[in-house]
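# Descriptive structure summary
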Amino acid sequence: VDADGTRVFALDARAGTTQFAPGVVSDTWGFNGSLLGPTLAAERGERVRVDITNSLDEPTTVHWHGMHLPAEMDGGPHQMVAPDASWSPEWDIDQQAATLWYHPHPHGETEQHVANGLAGMFILHDEHERSLGLPSEYGVDDVPVIVQDSGFSAAGEREDPQRGYAGGLGDELIVNGTRAPYLEVSDELVRLRLLNASTARTFAFTWSDARPVELIASDGGLLEASVALDHVRLSPGERAEVLLRVAPGERVVLQSKTTPEVAGLVGPVADTNGGSDAFDVLEVRAAGTLDPAPAVPTRLNVIDDFDLEQVAMTRRFELGDSFEINGASMDLGRIDETVTVDTLERWIVENSTSLPHSFHVHDVQFRIASIDGAAPPPELAGWKDTIFTEPETEYELLMRFEDYADADTPYMYHCHLLWHEDQGMMGQFAVV
Ligand code: C2O
Ligand code: CU
Ligand code: CU
């Protein structure tokens, strides 16, 4: 924290090497190290600044995924940082406690920069969340779980997988930068912050003993109450906070088991797009003696519904077959939508293709009002900034861009399957 109370972070994007297998060196990129980046954390109401240096030999950006902030600070493709240059965005944290993340967003190169290892978590806290007594000791009972898939050569060197329609699907996982990881815990109750930082793969997280997954938060913050689920589905870019209760000495494995239905894939494409893939994600090993779990209140958050009568503008976004949105491919020089500041917007997102996509909106957390006309399931009823869209399905989203009007600098919306984004499945909106 500097003299005027700003919380200052430093990130240096650089190339390095990582040994995913002992003695086998892979070229990777990281912030401040050779893979991934430090977890940043801030409190609602704080002002933050991030001093970014680009030590790579190509331009990149750093985007704050899920963050409400001025467009100029957003780190999208308009805020490129040249090699050896630096950039110091600053903004006020003005949103509720949530698990956000950061990653590069250079136009046409996002998939590669993220796959190389540039990503990190950005955790926000607030007073309300602290008052609930949820597990909050970072790395002890409050643990980031950054899940990415990758390819590996027979010798154990990381390599980019071949692309299918979704993008590159790797046949192994890297979790927090590690293959085959385990986590030792000494508390009865553990909070895992799951982030799907893969470029293309959608996961369905389950427990090895089939216990329900206890979901407490989606992208933008806590749900009203926890939900017990058979699985938590996360497409690229989405996050979920889950609670795990363990007994002394217990071993349980977080897994991902998709089925063609969960993956939104049916017919001949189902098996070639990861629709039946299963992975062990993280083995949790409980100590012989555990610190007792605090009671978790039933009511976690209050989420007021938007009043549909106040909708000032309805827009449609049709996701099409050749990576276009509303028939157009991304053009950095074109602003596709102009939003009036602090009015209620209804965005109807229709996936009219036969394969899944994800849909992400910068700057804002939205609510899903309906999916094909029906109310969303409880796990999708909270705050979201990225959603998995099933083929031939229509999603009605409600959102309000409260402030930061700027006619000259747009924000983005796009498919978060990063190869699709790079192919132009992205558009721009300005808030005025
Ligand atoms: Cu996570 Cu526009 O990105
Ligand atoms: Cu984003
Ligand atoms: Cu897509």
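Here the structure is a predicted model, which means the values were calculated and not measured.

### Section: the nonpolar core
Val145, Ile146, Val147, Leu194 and Val242 are the most contacted members of the largest nonpolar core, which has 101 residues in total. Ranked by the residues each element gives to this core, the list is headed by strand β14 (residues 189–196), at five residues. Residues within four places of Val242 in sequence aside, it is in contact with Leu192, Leu194, Val213, Glu214, Leu215, Ile216 and Val232.

### Thoughts on the sheet that holds strand β18 (residues 232–234)
In a beta sheet, neighbouring strands pair by backbone hydrogen bonds and run either parallel or antiparallel. Reading across from one edge, β13-β21-β20-β15-β18 is the order of the five strands in this open sheet, with mixed pairing throughout. The sheet terminates laterally at β13 (182–187) and β18, the two strands that pair on one side only. Recorded for the sheet is a direction-independent mean angle of 25° between the axes of neighbouring strands. Across five bridges, the pairing between β13 and strand β21 (residues 278–291) is parallel. Residue Tyr182 lies in a different strand from β21, and its bridge partner there is Glu283.

### Structural notes on unusual backbone geometry
Even without a glycine there, the phi angle at Phe323 is positive, about 60°. Mapped onto the fold, Phe323 is located in the loop between β22 (311–319) and β23 (337–339). Since 20 C-beta atoms lie within 10 Å of it, Phe323 is described here as buried. The residue Asp363 is not glycine, and still its phi comes out positive at about 75°. Relative to the helices and strands, Asp363 is located in the loop between β25 (357–361) and β26 (367–371). By the C-beta count within 10 Å, which is 25 here, Asp363 ends up buried.

### Quick look at the UniProt feature "domain: Plastocyanin-like" (unreviewed entry) in the protein chain
In the numbering adopted here, UniProt assigns the feature "domain: Plastocyanin-like" (unreviewed entry) to residues 16–128 and 311–432. Span residues 16–128 is 8% helix and 41% strand, its end C-alpha atoms 40 Å apart. Segment residues 311–432 splits into 4% helix and 47% strand. End C-alpha atoms: 17 Å apart.

Each value, and the rule that gives it
Residue indices follow the written sequence of each chain, beginning from 1 at its first position. By the order in which they are written, chains take letters starting at A while ligands take numbers starting at 1. Only residues with pLDDT of at least 70 get local features here, since the model is predicted, and only at 80 or more are side-chain atom pairs given and counted; chain-wide, interface and lining totals rely on the full set of residues. Definition of nonpolar core: a set of buried Ala, Val, Leu, Ile, Met, Phe, Trp, Tyr and Cys residues joined via C-beta atoms within 7 Å. Buried means a residue has 20 or more other C-beta atoms within 10 Å of its own C-beta, exposed means 12 or fewer, and partly exposed covers the counts in between; C-beta atoms are placed from the backbone. A run of H or I in DSSP becomes a helix once it reaches four residues, and a run of E becomes a strand once it reaches two; helices and strands are each numbered from the N terminus. A pair of residues counts as a contact when their C-beta atoms, built from backbone coordinates, are within 7 Å of each other. Whether two strands pair depends on DSSP finding at least two bridges between them. Where helices are involved, their axes are fitted lines through C-alpha atoms of the stretch in contact, as for all axes, and angles between N-to-C directions lie from 0 to 180°. UniProt positions are given in the numbering used here, feature names are shortened, and annotations may be inferred rather than shown by experiment.

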